[in-house]
Amino acid sequence: MDHPLLKIFKNRMRIFHNADDANLNYILESSQSALERLTGIDDVDIPEFKMLVIEHARYTYHDQVEFFWDNFKSDIMGLSITEYQPTEDKDGK
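What comes next is a walk through the structure. Predicted model, so just to flag it, every value in this text is computed and none were measured.

**Comments concerning the packing of helix H3 (residues 47–61) against helix H4 (residues 65–83)**
Two elements in contact, H3 and H4, have axes separated by 10 Å at closest approach and are oriented at 175°. As the angle between them shows, H3 and H4 are arranged roughly antiparallel. Residues Glu48, Phe49, Met51, Leu52, Glu55, His56, Tyr59 and Thr60 of H3 form the contact with H4, whose own contacting residues are Val65, Phe67, Phe68, Trp69, Asn71, Phe72, Asp75, Ile76 and Leu79. Partitioned by chemical class, the residues of the contact of H3 with H4 number 11 nonpolar, 3 polar and 3 charged.

Spelled out as structure tokens, the structure:
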């Protein structure tokens, strides 16, 4: 099954063939997973999260992922804070 962002990513990267779809799906899944751990968000329909997943995948595709974190840390932090939902602890606080 294809990642929900595969078509958008391929358009962004101007990839017009299907030969690398398995690798692109893996890159998108791992990018989404990495960003979910940092932000707590798992909804690729949130535009800012979608953009971060696509950009992380783009950096990964070009073997430059180490630069992603510095270039997008303010976006990651901003999204994490915007989407933060406090939870109650076991004492109800």
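**Side note on H4**
Remark: the principal bend of H4, roughly 65°, maps to phenylalanine 72. All of the buried residues along H4 are Phe68, Phe72, Ile76, Leu79 and Ser80. Packing partners of the buried residues in H4 comprise helix H2 (21–39) and H3.

Cut-offs used in this document
- Note that residues are indexed from 1 along each chain, following the sequence as it is written.
- Given that this is a predicted model, residues contribute local features only at a pLDDT of at least 70 and side-chain atom pairs are listed and counted only at 80 or more, while totals for whole chains, interfaces and linings are drawn from all residues.
- Side-chain measures here rest on the full set of heavy atoms in the structure, leaving out hydrogens and waters.
- Only C-alpha atoms enter the line fits that serve as axes; for helices the fit covers just the stretch in contact. Angles between N-to-C directions range over 0 to 180 degrees.
- A run of H or I in DSSP becomes a helix once it reaches four residues, and a run of E becomes a strand once it reaches two; helices and strands are each numbered from the N terminus.
- Orientation categories follow fixed angle ranges, with anything under 35 degrees roughly parallel, anything over 145 roughly antiparallel, 65 to 115 roughly perpendicular, and all other angles oblique.
- Whether two residues touch is decided by their heavy atoms; if any such pair falls within 4.5 Å, the residues are in contact.
- Residues are grouped as follows: nonpolar covers Ala, Val, Leu, Ile, Met, Phe, Trp, Tyr, Cys and Pro; charged covers Asp, Glu, Lys and Arg; every other residue, Gly included, is treated as polar.
- Think of it this way: the bend at a residue is just the angle between two axes, each fitted to seven residues, one set ending at that residue and the other starting at it.
- Think of it in three bands: with a 1.4 Å probe and only protein chains considered, a residue is buried below 20% of the maximum accessible area for its type, exposed above 50%, and partly exposed in between.

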